[in-house]
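Descriptive structure summary
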Amino acid sequence: MMKNLQSFILIILFFSSSLAAQNTVGLLSYDPSSTFDGYNLLYPHNQPNVYLLNNCGEIVHTWTDEPNFRPGNTAYLMPNGNLIKTKRDATVVNDAIWAGGGGAIVEIRDWNNNLLWDFEMNTDTTRLHHDIAIRANGNIIMIAWELKTMEEAIQAGRNPAMLPDGELWPEMIIEVDPNTDEIVWEWHAWDHLIQDFDSTKDNFGVVGDHPELIDINYPEDDGPDDWHHANAIDYHETLSQVMISIPTFNELWIIDRTTTTQQAAGHFGGLSGFGGDLMYRWGNPAAYNAGDSTDQKMFYQHDPHWVDDFVDNTHPQFGKIAFYNNRVTDTTSTVNVFTPIWDMYKWSYSFENGKWGPEDYSWSYSTPDPTTMHSTGLSGIQFQPNGNALICVGRFGYVFEITPEEEIVWEYRTPLLAGNPVDQGTELSINNNLTFRFPRYPSDYDAFDGQTLDPIGYLETNPNTEFCDQLTPVMEVSHDYRLEIYPNPADQMITLEWDGGVWVDVAIYDIVGRKYDQMELTGGRKYLDLSSLPNGIYILQVNGEAIKKFVISR
């Protein structure tokens, strides 16, 4: 019977793979037994709407907007079902400040798309752009450009030859309280400069002696107005720190948010004692005269963030920093993870031999043919609770999911051409379907409680619906979970793996039948923390059927 069942599954999978090979957009491949179960938030460029997709690529919910709006560039779904999105008007020709990634408006909309709150910053001297970060208290941290004139820039020590357009747009960060519409905290890069170009101007000093400050004449290129082009921001709730990505410097910066606005404008204060100076920077020591090209680890990166969304401290990457490394070479990109060396007692990051560590990544990945995930801009990575990684190749609107063994188990391509849906079978090329990020929210995410998530169609036209239809029998007949536990014996943590692609009920009992824990899981893999359990023999049961014995021995 088991042999016949396995043969049936292989036939179905072969047939499904053949169907998938016909797809050029939308869902390209899908292994439900290994893919993490959830819903995907898609906010593609060149159009105004936000879509929620299931793993079959079907739309289950949409937040629409007026056709004259465009992403600015991110959207986040909150546990209460509210959507926080950034946007801008499609017409920018008369705007005083404009560059790629430009935004203008931040909105909060409820599940039914009712506007609850909005905030706009798009003036002659300031403009929101790229990304936001949401604090647990509901405050929203935003990135903005602020315009500095040629006179201001030269007085601050900028080389006049690096001002071809006669102005400069350094970064500022603001934190807004939606309850009061007030800016409750702000930080300005302009308050933390150094230069060694002109001793008669402000901020003169030895760049290498002040890695906590920003060299106003770095990088030494043609001097674009959009000097920093910060393309991502993240907030660490426990540490109260803000991280921003500075791709033109090929590095990220971390700023102490325990400061007041007054302290953030200076060089002292906050738990770090740094005030608003950079308490950490990583990716390119040459930016503060502490290395050369051989030390560089970031290459016009996107989406640096602490790995903490939907994962806990049992996850191998928890608390580390992940990012998409766009321009490793002219034809290749990678995704990388590194572990900042943090001293909680000194409340500072390790700084040795003139630079911040670590010296290298702790994890790196690129596809076997690296050109297939090359994207000179946009893009991102998200680690899933089961250990998988979801990778967005932004300039091609291509998203794929890999297991820890680097097997591709899910693929999707945004089915848009210049913002308009295309027929299944259409071949798209670079920049046709720009997709800034592609986050997945777990199926049990609080926002989905009580909501109808039935499929309501596809983003592509003339869709191929057969691929996921043919996978259903596999999910229904596969009851051989192939349950594995390792290491066994274990010390502090075990990894649990199973087949099936469906939610499973997992229970842990001791040898005499006392239940220690019970949980519902999906995605085929879970990291379990055993530190609270005493030494002994335990039984793990899945759906009341599959049983495995494991030992805790310390």
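For the structure itself, consult the block above.
Summary of the structure given here.

**Examining the overall build of the chain**
Across its full length, the chain holds 4 helices and 42 strands. Here the C-alpha radius of gyration of the chain, 25 Å, is about what a compact globule of 554 residues would show, namely 24 Å. A total of 554 residues make up the chain; the buried ones form 59% of that total. Of all intrachain contacts in the chain linking residues separated by at least 6 positions in sequence, the fraction that spans at least 24 positions is 60%. Approximately 22,700 Å² of the chain is accessible, and the part contributed by carbon and sulfur atoms is 49%.

**Brief notes about the sheet that holds strand β36 (residues 484-486)**
Read across the sheet, 3 strands follow the order β36-β37-β40 without closing on themselves; strand pairing throughout is antiparallel. The open sheet has two free edges, formed respectively by β36 and β40 (525-529), since each of these has just one partner strand. Averaged over all pairs of adjacent strands, the angle between their axes in this sheet comes to 20°, without regard to strand direction.

**What about the packing of aromatic side chains?**
The full count for this structure, using the stated rule, is 32 aromatic pairs. Relative to Phe323, the ring of Trp282 lies with its centre 6.5 Å away and its plane at 65°, an arrangement referred to as edge-to-face. Of the two residues, Trp282 is situated in strand β20 (residues 280-282) and Phe323 in strand β22 (residues 321-325); the sequence distance between them amounts to 41 residues. For Trp282, a relative accessible area of 3% translates into the label buried. The interplanar angle of 55° and the centroid separation of 6.3 Å between the aromatic rings of Phe323 and Tyr361 together place this pair among those described as tilted. Within this pair, whereas Phe323 is found in strand β22, its partner Tyr361 is found in the loop between β27 (355-356) and β28 (363-365), the two being separated by 38 residues in sequence. What makes Phe323 buried here is its relative accessible area of 0%. On the basis of relative accessible area, Tyr361 is assigned to the partly exposed category, the value being 24%. Members of the aromatic cluster, connected to one another through ring pairs, are Tyr39, Trp63, Trp111, Phe310, Tyr441, Tyr445 and Phe448. Positioned above the aromatic ring of Trp227, the side-chain terminus of Arg158 is 5.6 Å from the ring centre. Its end group placed over the ring of Tyr361, Lys297 keeps NZ or CZ at 5.7 Å from the ring centre.

The rules we used
- Residues numbered from 1 in each chain as written.
- Predicted model: local features only at pLDDT ≥ 70, side-chain atom pairs only at ≥ 80, totals over all residues.
- Heavy atoms only, no water.
- Helix = DSSP H or I, 4+ residues; strand = E, 2+ residues; numbered from the N terminus.
- Rg over C-alpha atoms; globule rule 2.2 N^0.38 Å.
- Buried < 20%, exposed > 50% of the residue type's maximum accessible area, 1.4 Å probe, protein only.
- Contact = heavy atoms within 4.5 Å.
- Areas by Shrake-Rupley, 256 points an atom, 1.4 Å probe, with all protein chains shown as cover.
- Pairing = 2+ DSSP bridges.
- Axes fitted to C-alpha atoms, helices over the stretch in contact; angles between N-to-C directions.
- Phe/Tyr/Trp six-rings, centres within 6.5 Å; stacked < 30°, edge-to-face > 60°.
- Lys NZ or Arg CZ within 6 Å of the ring centre and 35° of its normal.

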